[in-house]
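Read off the chains here:
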Amino acid sequence: MSTTPPLPAPPQPSPPTPTDRLHARLAGAVAGLGGLGVAELVAAAVRPEASPVTAVGAAAIDLTPAPVKEWAIRTFGEADKAVLQVGIVVVLAAVALLLGRWELARRGAGAAGAVVLGVVGATAAVSRPDASAADALPSLVGASAGAALLYWLVGRVLAASAASGAPAPARRRFLLAAGGTAAAAAGAVVLGRALGAGRSQDAEASRAALRLPRPDDPAPPRPRGAQLAFPGVAPFITPNKDFYRVDTALVVPRIDADRWRLRIHGLGVADELTLTLRDLLARPVVERDLTLNCVSNEVGGPYIGTARWTGVRLADLLREAGVRPPSRGGPADQLVARSVDGMTIGTPVADVMDGRDALLAFGMNGEPLPFRHGFPVRMLVPGLYGYVSACKWIEELELTTFDAYDAYWVRDGWAARAPVKTQSRIDTPRGSARLRAGTVVVAGVAWAQRRGIERVEVRVDDGPWQRAELAASDGPDTWRQWYLRWSATPGGHTLAVRATDGGGATQTARRTDIRPDGATGHHEVRVTVE
Ligand SMILES: Nc1nc2c(c(=O)[nH]1)N[C@H]1C(S)=C(S)[C@@H](COP(=O)(O)O)O[C@H]1N2
Ligand SMILES: [Mo]
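Rules used in this analysis
Residues numbered from 1 in each chain as written. Chains lettered and ligands numbered in written order. Predicted model: local features only at pLDDT ≥ 70, side-chain atom pairs only at ≥ 80, totals over all residues. Heavy atoms only, no water. Near = heavy atom within 4 Å. Polar contact = N/O pair within 3.5 Å; in protein donor to acceptor, adjacent residues only side chain to side chain. Areas by Shrake-Rupley, 256 points an atom, 1.4 Å probe, with all protein chains shown as cover. 1 Å grid on protein atoms, 1.4 Å probe; cavity = no way out; pocket = protein on both sides within 12 Å on 5 of 7 lines; lining within 4 Å. Sits in = over half its atoms within 2 Å of the grid points. Pairing = 2+ DSSP bridges. Helix = DSSP H or I, 4+ residues; strand = E, 2+ residues; numbered from the N terminus. Axes fitted to C-alpha atoms, helices over the stretch in contact; angles between N-to-C directions. Points joined across faces, edges and corners; volume = space filled by probe spheres on them. Nonpolar A, V, L, I, M, F, W, Y, C, P; charged D, E, K, R; others polar. Domains from an automatic or database assignment. Patch = residues over 30% accessible without salt bridge, like charges linked within 9 Å, V, L, I, M, F, W, Y side chains within 5 Å. Salt bridge = Lys/Arg side-chain N within 4 Å of Asp/Glu carboxyl O. Phe/Tyr/Trp six-rings, centres within 6.5 Å; stacked < 30°, edge-to-face > 60°. Buried < 20%, exposed > 50% of the residue type's maximum accessible area, 1.4 Å probe, protein only. Contact = heavy atoms within 4.5 Å.

## Description of the site of ligand 1
For step 1, the next point in the chain: If you check the shell around ligand 1, you find 20 residues, and the closest are Tyr244, His373, Arg378, Ala390 and Lys392.
For step 2, the next point in the chain: One of the backbone N or O atoms of Tyr244 is found 2.7 Å from an oxygen atom in ligand 1.
For step 3, the next point in the chain: Look at ligand 1: alone it shows 540 Å² of surface, and the protein chains cover 99% of it.
For step 4, the next point in the chain: In a pocket analysis with a 2 Å cut-off to the grid points, ligand 1 is assigned to the second largest pocket.

This is the structure:
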């Protein structure tokens, strides 16, 4: 009788243990970080804006419905872009954990998911208005690296799981592999971002080398009394570091001024022009104090500032290109400015050419434009909100018509024409302030660019409108400070302010939304007097 030993049962893949699942998620997170690190390194070589996080964020900004965008600006202020990028990384991390589990459940499934993510990033990157095909590379190479890492790391998890006899060393090998990969990936992210920043060295150097020319047409002397001495009132000139910033750029464009060009072309342009910065600097240089404000500024809000700008007159350039305003029979009524990052801003040709100080500016408060405010050159048109006049990082001016073309914000539902509305703001006392009874200085700013401020009045509770003292005027295109000495009596009080412009029109009390063409209503501040 012969006995044959029973054949050993073929090894059954044991179902994943909780530790396996945990480690698979860890593998997903580490592979995700690795993919991101590789993507950042490639983006540093291609173009920092092509980084998947930046590209997806930029696409998200463009695809987000306008009300959500406004909510984000209202809620997060100038931190909105940082919040967006953190949000993208959080979503990416959640998806990475999921892909780790998929890869464990079915070999290749998680890796395939990573590749799909890469295609999403690449699609976002190449659909940016300023993109080239190479912008797909960071996402695609990063996702491939992430997929390979995921396949490999989950392989280690399975190996550890199968080595059921002595799982400890195999587990340790997996954790070492995961830890080492994570450290290398974090290093790659940091290095990639640093290299990307280094790429802007030419831009930094060109800005450092720029000496603002002495203006041929200096700003009229600013009256000494334009600036009041009361603490808490916004300074008449806003320092560059405090000047508000509103734009859609996730990465501030850093343009090498030596390579910068501005093209002027379009309807009714007899002589197309292409100008270098040197060409602009060689023209008659003007300097003006101008107040700039954003249509998204709520009543009492912070998105307004005044600077002394240096530049050249835009109307002269247009005239040299053969452009005539509509009143002189010119066929174009809209001037569309385009920036290097694809922003489009449409301005009435009539406004630019009616004699006001519309500028192509390269200087801000005595220094070259800061990168965040549009270096090397931006547009400014007194009397119009920024979104219809103040294109930063400008590279093209096209003459067209309002009928033929809707600029970026207009497609979002904002008005195509948006002159600044007369407005005023109480800077001191602050809302909810607790004050002592007696004389309290109520003070702030009022603005109505092009028309100027003629009168400011303050009302306490339901009392009469009382005329405030006005600081000296620096001209119709800048804001004007004002103050009123108030004999504060104990109790809760509501202070309100309203301005009357140089045309005699008084600000309406009617509260309207910032959309479609700027908020109206009185700024009110509630205080408690003890
Ligand atoms: N290229 C570009 N230019 C732009 C914008 C933008 O998003 N991109 N935003 C505009 C808006 S809405 C305003 S209010 C002003 C703000 O200029 P500042 O950021 O220098 O204060 O810039 C304008 N120019
Ligand atoms: Mo704006």
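## Considerations on the sheet that holds strand β5 (residues 334–339)
For step 1, the next point in the chain: Pairing within the open sheet is mixed, and its 5 strands lie in the order β2-β1-β10-β5-β6. Of all the strands in the sheet, just β2 (273–276) and β6 (344–348) have a single pairing partner and so form its edges. Taking the axes of each pair of neighbouring strands and ignoring which way they run, one obtains an average angle of 20 degrees across the sheet.

## Digging into empty space enclosed by the protein
For step 1, the next point in the chain: All told, the structure shown has 2 cavities of 30 Å³ or more when counted by the stated rule.
For step 2, the next point in the chain: Quantified by volume, the largest cavity comes out at close to 100 Å³.
For step 3, the next point in the chain: Taken together, 15 residues form the lining of the largest cavity, with Asn297, Tyr385, Gln423, Trp447 and Ala519 sitting closest to its centre.
For step 4, the next point in the chain: Its residues placed into classes, the lining of the largest cavity shows 7 nonpolar, 6 polar and 2 charged.
For step 5, the next point in the chain: If you count residues domain by domain, the lining of the largest cavity takes at least three from each of domain 2 (240–411) and domain 3 (423–529).

## What about a nonpolar patch on the surface?
For step 1, the next point in the chain: On the surface, Val68, Trp71, Phe76 and Val83 cluster together into a nonpolar patch covering about 330 Å² of accessible area.
For step 2, the next point in the chain: The residue Phe76 is located in helix α3 (residues 66–76) in this model.

## Examining the packing of aromatic side chains
For step 1, the next point in the chain: This structure, assessed with the given rule, holds 8 aromatic pairs.
For step 2, the next point in the chain: Look at Tyr244 and Tyr303: their rings are 5.9 Å apart centre to centre, the planes differ by 40 degrees, and that puts the pair in the tilted class. Remark: Tyr303 occurs in the loop between β3 (286–293) and β4 (304–313) and Tyr244 occurs in the loop between α8 (201–209) and β1 (261–266); sequence separation between them is 59 residues.
For step 3, the next point in the chain: A relative accessible area of 8% means that Tyr244 is categorised as buried.
For step 4, the next point in the chain: Overall, Tyr303 belongs to the buried group, its relative accessible area being 9%.
For step 5, the next point in the chain: Relative to Trp409, the ring of Tyr408 has its centre 4.9 Å away and its plane inclined at 80 degrees; by these criteria the two rings are edge-to-face.
For step 6, the next point in the chain: Every member of this aromatic cluster is reached through a ring pair, and the members are Phe243, Tyr244, Tyr303 and Trp309.

## Observations regarding the environment of Arg356
For step 1, the next point in the chain: In this fold, Arg356 is placed in the loop between α11 (349–352) and β7 (359–364).
For step 2, the next point in the chain: C-alpha separation for the pair Arg356 and Val381, spaced 25 residues apart in sequence, amounts to 7.7 Å.
For step 3, the next point in the chain: Beyond its immediate chain neighbours, meaning those up to four positions away, Arg356 contacts Arg313, Asp351, Val381, Pro382, Gly383, Leu384 and Arg450.
For step 4, the next point in the chain: A distance of 3.1 Å separates the side chain of Arg356 from the backbone oxygen of Asp351, its partner in a polar contact.
For step 5, the next point in the chain: Of the polar contacts made by the side chain of Arg356, one reaches the backbone oxygen of Pro382; its length is 2.9 Å.

These results come straight from atomic positions and should not be treated as a statement about function.
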